[in-house]
Each structure stands twice: as C-alpha cells, then as structure tokens.
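So the chains spell out like this:
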Amino acid sequence: MSAPLHIERNGHRTWIKWHRGRRKASDPVFTGKRIIEAMQLGASVEVDLVVHGGAGFAVLHDLTLERETTGRGKVQAKSADDLRGLFLRDNDGHPIDENVMLLEDLCTLLSRQGAHPDALLQLDFKQDLQALNPEVIANFAKCSFPVAKSLILSGGDFDAISVLAEAAPGIATGYDPCYGESLQRLQADGDYMRFIEEALNTAPDARMIYLDYRIVLHAEDAGVDLIAPVHASGRRVDAWTINRVSPQTIPQIERLLRLKVDQITTDDPQGLAKVFNP
C-alpha cells in the first residue's frame, strides 16, 4: 500500500497526519520506529511533550505515567534516567519493547536517520507557561536546533509556545484554541466567527491553526466556514482527531475535504489513505 501522506481533492492537497506516531490504529504510540518511518516518507506526524524533573521534555501525552508507560507517578517528578528506563504500553495496556523517549533522544534519532524535505514533526506541548523556566527553555533550544526546519511547535498556550520558539530560531509554530468545553460553549452561543478571529489574533505568528474537527463541522452546520478566514490570513488548518476511519467518520472526512482543511489528524492514516486514495 502507498504511504498515507495526503489526499488530492478539487485542486487542494490535504495532508494526513500520523497522530502520536501511528501509521495504523493498532500501533502503539510514540515509537521511534514509526516516527522515523513517517519522517523519511515525507509524512506529517505528531508527538506530545511534557516537562520532566530533569528540566527537559518527555515524549508523552499524560502528566502521569501509569496509562502510557510501565512507570508510576508524575512525569515532572522523574529524572531523565528514570524515564528512559521505562517502557511504553500498547493499546491494551501491555508493556512493549520500546523505551520512553525524551525530546533529545527523538531529535538525535531524527538528525542521524534524516527526514524527507516535506516531512513535518509536530511537537505538541501539553502544558502552559508556568511549566517553563530558563533551564527548560534552554534545553528545548539545544535539542531542537539541529532539526528545527523539520519541526512545528504547537500548544494551547501561545505564550508558552512563543517563549520556546523565540529560543529556537527556525522552528515554526502552531496554535490550538480548542480546550475544555469549547464545542459545548460554541454550540450554546453560536459565535463561531468570534472564536476563530480570537484564535488568529492570539497567535499572529502561528503557521497552523489546530481545530477540533467537530467544531469545524458544527460551524458549517450553523452556516459558518471556519477554514476560509484562516486561509485568508495566510495560515493553514489542521482538523483533529479522527480516531478511526469507519462508516460513521467517512462522511465527516468528506466534509472536511470539501471545506479544504489542510491537514487531518488521525490515529489511522493507513485506513484513511486506503479509503480516499484507493
């Protein structure tokens, strides 16, 4: 099967992003093998970052270790060596023969193995500005510098993203304004245009705006195209996250393609490519 990279529709290209480094839904998350595979193919791929006790970043989604790893407790309480000694878990919670990676491990691997010039690795920072201090910021800059051209740094706190990006010249940035009960609030007040305008104003330097795909579709149901103003500002849109490609989600993906989203985040890139690039 061809690599799950992008879909061409009506003259518009929509990239397929490998969520948490998965090529297919059965893959475990955050394995170096899959991340490097994606980067060498020229795919877009996402990993999450959490600050650990050694003033660096672990490639994990949760602030605690139990669900994703063989460890226990808070990531922030663990040293780099502690984390590297832990193993990841598969989708059923069973340990696998893959260690937890730190940001420097991933960047070193990427630097050694190389990446396709079209590949883009999204570093999604899961915390806010309060989690950062000068040492953490300096470590981020040191790790990311050799591969900055292949990275985009994103998160929900654009102040934190800006601070990290300022220390890492050449890195692109993105912004995710969707948090908590965003969908429910928007369904209640219907002010979708104010929502997207505030996002664009909050993150004027963000190259990519990350939107919950349900918000994009509910906005369209209300007669509002959230993609057009982002494109008008010279930015791109990532719609997240299609967990599985199924009879229920295929019509939703069709709508996202018609709206010309620039990227779709999914845990099942291979399944999505099979349906839309047969």
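Our subject is the structure that appears above.
Criteria and thresholds
Position numbers for residues start from 1 in each chain and track the written sequence from start to end. Local features are withheld for residues below a pLDDT of 70 in this predicted model, meaning they are given only at 70 or higher, and side-chain atom pairs are given and counted only at 80 or more; totals for whole chains, interfaces and linings count all residues. Remark: hydrogens and water are excluded; side-chain values derive from all non-hydrogen atoms of the structure. Helix numbering and strand numbering both begin at the N terminus, where a helix is a DSSP run of H or I of at least 4 residues and a strand a DSSP run of E of at least 2. Buried, partly exposed and exposed residues are distinguished by accessible area as a fraction of the type maximum, computed with a 1.4 Å probe on protein chains only: under 20%, between the cut-offs, and over 50%, respectively. At least two bridges found by DSSP between two strands is the condition for calling them paired. Convention used here: a crossover is right-handed provided that the path from the first strand, over the helix, to the second strand proceeds clockwise when the strands point away from the viewer. We call two residues contacting when some pair of their heavy atoms lies within 4.5 Å. Under this scheme, a helix contributes an axis fitted over its contacting stretch, all axes are lines through C-alpha atoms, and angles between N-to-C directions fall in the 0 to 180 degree range. An angle below 35 degrees is treated as roughly parallel, one above 145 as roughly antiparallel, one from 65 to 115 as roughly perpendicular, and anything else as oblique. Gly counts as polar in this scheme, as do all residues outside two lists: the nonpolar Ala, Val, Leu, Ile, Met, Phe, Trp, Tyr, Cys and Pro, and the charged Asp, Glu, Lys and Arg. For cavity detection a 1 Å grid was placed over the protein atoms alone, and a set of points counts as a cavity when a 1.4 Å probe fits there but cannot get out; an open set counts as a pocket when protein lies on both sides within 12 Å along at least five of seven lines, with lining residues being those that have an atom within 4 Å of a point. Grid points are joined across faces, edges and corners, and a volume is the space filled by probe spheres set on the points. In what follows, a disulfide is any cysteine sulfur pair within 2.5 Å. By convention, a stacked pair of Phe, Tyr or Trp rings (six-membered ring in the case of Trp) has centres within 6.5 Å and planes under 30 degrees apart, an edge-to-face pair has planes over 60 apart, and any other such pair is tilted.

Visitor: What exactly am I supposed to notice about unusual backbone geometry here?
Guide: Only a minority of non-glycine residues have a phi that is not negative, and only a minority of peptide bonds are not trans. Here the bond from tryptophan 240 into threonine 241 is cis, since omega is -25 degrees, no more than 30 degrees from zero. The backbone of asparagine 10 shows a phi angle near 50 degrees, a positive value even though the residue is not glycine. By the element assignment, asparagine 10 lies in the loop between β1 (6-9) and β2 (12-18). For asparagine 10, a relative accessible area of 74% gives the class exposed. Positive phi, close to 55 degrees, is recorded for arginine 20, a residue that is not glycine. Within the element layout of this structure, arginine 20 appears in the loop between β2 and α1 (32-41).

Visitor: Would you take a moment to explain the pairing of strand β12 (residues 263-266) for this structure?
Guide: Working note: regular strand, side chains alternate between the two faces of the sheet. Residues Gln263 and Thr265 of β12 are buried on one face, and the alternating residues Ile264 and Thr266, pointing to the opposite face, are buried as well. Where β2 and β12 come together, four bridges link them in parallel fashion. Across the sheet, the residue bridging to isoleucine 16 is isoleucine 264, located in β12. For strand β11 (residues 236-242) and β12, the ladder comprises three bridges, and the chain directions are parallel. Bridge assignment links isoleucine 242 to a residue of β12, and that residue is threonine 266. In the classification by handedness, the crossover that spans β11, the intervening helix α10 (residues 250-258) and the parallel β12 is right-handed.

Visitor: Mind showing me how you'd approach the side chain of serine 150 here?
Guide: Mapping serine 150 onto the fold places it in the loop between α4 (134-144) and β8 (151-155). Beyond its immediate sequence surroundings of up to four residues, serine 150 is in contact with Met39, Leu110, Ala115, Ala119, Leu120 and Leu121.

Visitor: Sorry if this is basic, but what is going on with the packing of helix α6 (residues 182-189) against helix α8 (residues 213-221) here?
Guide: For any two helices packed against each other, one specifies the crossing angle of their axes together with the interaxial distance. At a minimum axis separation of 10 Å, α6 and α8 run at an interaxial angle of 10 degrees. Put simply, α6 runs roughly parallel to α8. Here α6 contributes Ser182, Leu183, Leu186 and Gln187 to the contact with α8, which in turn contributes Arg214, Ile215 and His218. In the contact of α6 with α8, the residues fall into three nonpolar, three polar and one charged.

Visitor: I'm lost on the layout of surface pockets in this one. Help?
Guide: The method is simple in principle: a probe with the dimensions of a water molecule rolls over the atoms, and the space it marks as empty is what remains. What the largest pocket holds in volume is close to 520 Å³. Asp124, Lys126, Asp176, Cys178 and Trp240 are, among the 23 residues lining the largest pocket, the residues nearest its centre. Those elements that provide at least two residues to the lining of the largest pocket are β3 (44-51), β7 (120-125), β10 (208-212), α8 and β11. Take the lining of the largest pocket: its biggest share by element is three residues, from β7.

Visitor: What is the right way to read the state of the cysteines from this model?
Guide: Chemically, a disulfide is nothing more than a covalent bond linking the sulfur atoms of two cysteines. In total, this model carries zero disulfides according to the counting rule given. Of all cysteine sulfurs, the one in cysteine 107 lies closest to cysteine 143, which takes part in no disulfide; the gap is 5.8 Å. For cysteine 143, a relative accessible area of 14% corresponds to the buried category.

Visitor: Help me understand the packing of aromatic side chains in this model?
Guide: Here the distance between the centres and the angle between the planes together describe a pair of aromatic rings. Summed over all chains, the structure comprises three aromatic pairs. Ring centres 5.9 Å apart and planes at 75 degrees place the aromatic pair phenylalanine 57 and phenylalanine 125 in the edge-to-face group. With phenylalanine 57 in strand β4 (residues 57-58) and phenylalanine 125 in strand β7, this residue pair connects regions lying 68 residues apart in the sequence. With relative accessibility at 3%, the residue phenylalanine 125 sits in the buried group. Between phenylalanine 57 and phenylalanine 140 the ring centres are 5.7 Å apart and the planes differ by 70 degrees, which places this aromatic pair in the edge-to-face class. Taken together, the residues span a long stretch of sequence, with phenylalanine 57 in strand β4 and phenylalanine 140 in helix α4 at a distance of 83 residues. Phenylalanine 140 gets classed as buried once you look at its relative accessible area, which sits at 0%.

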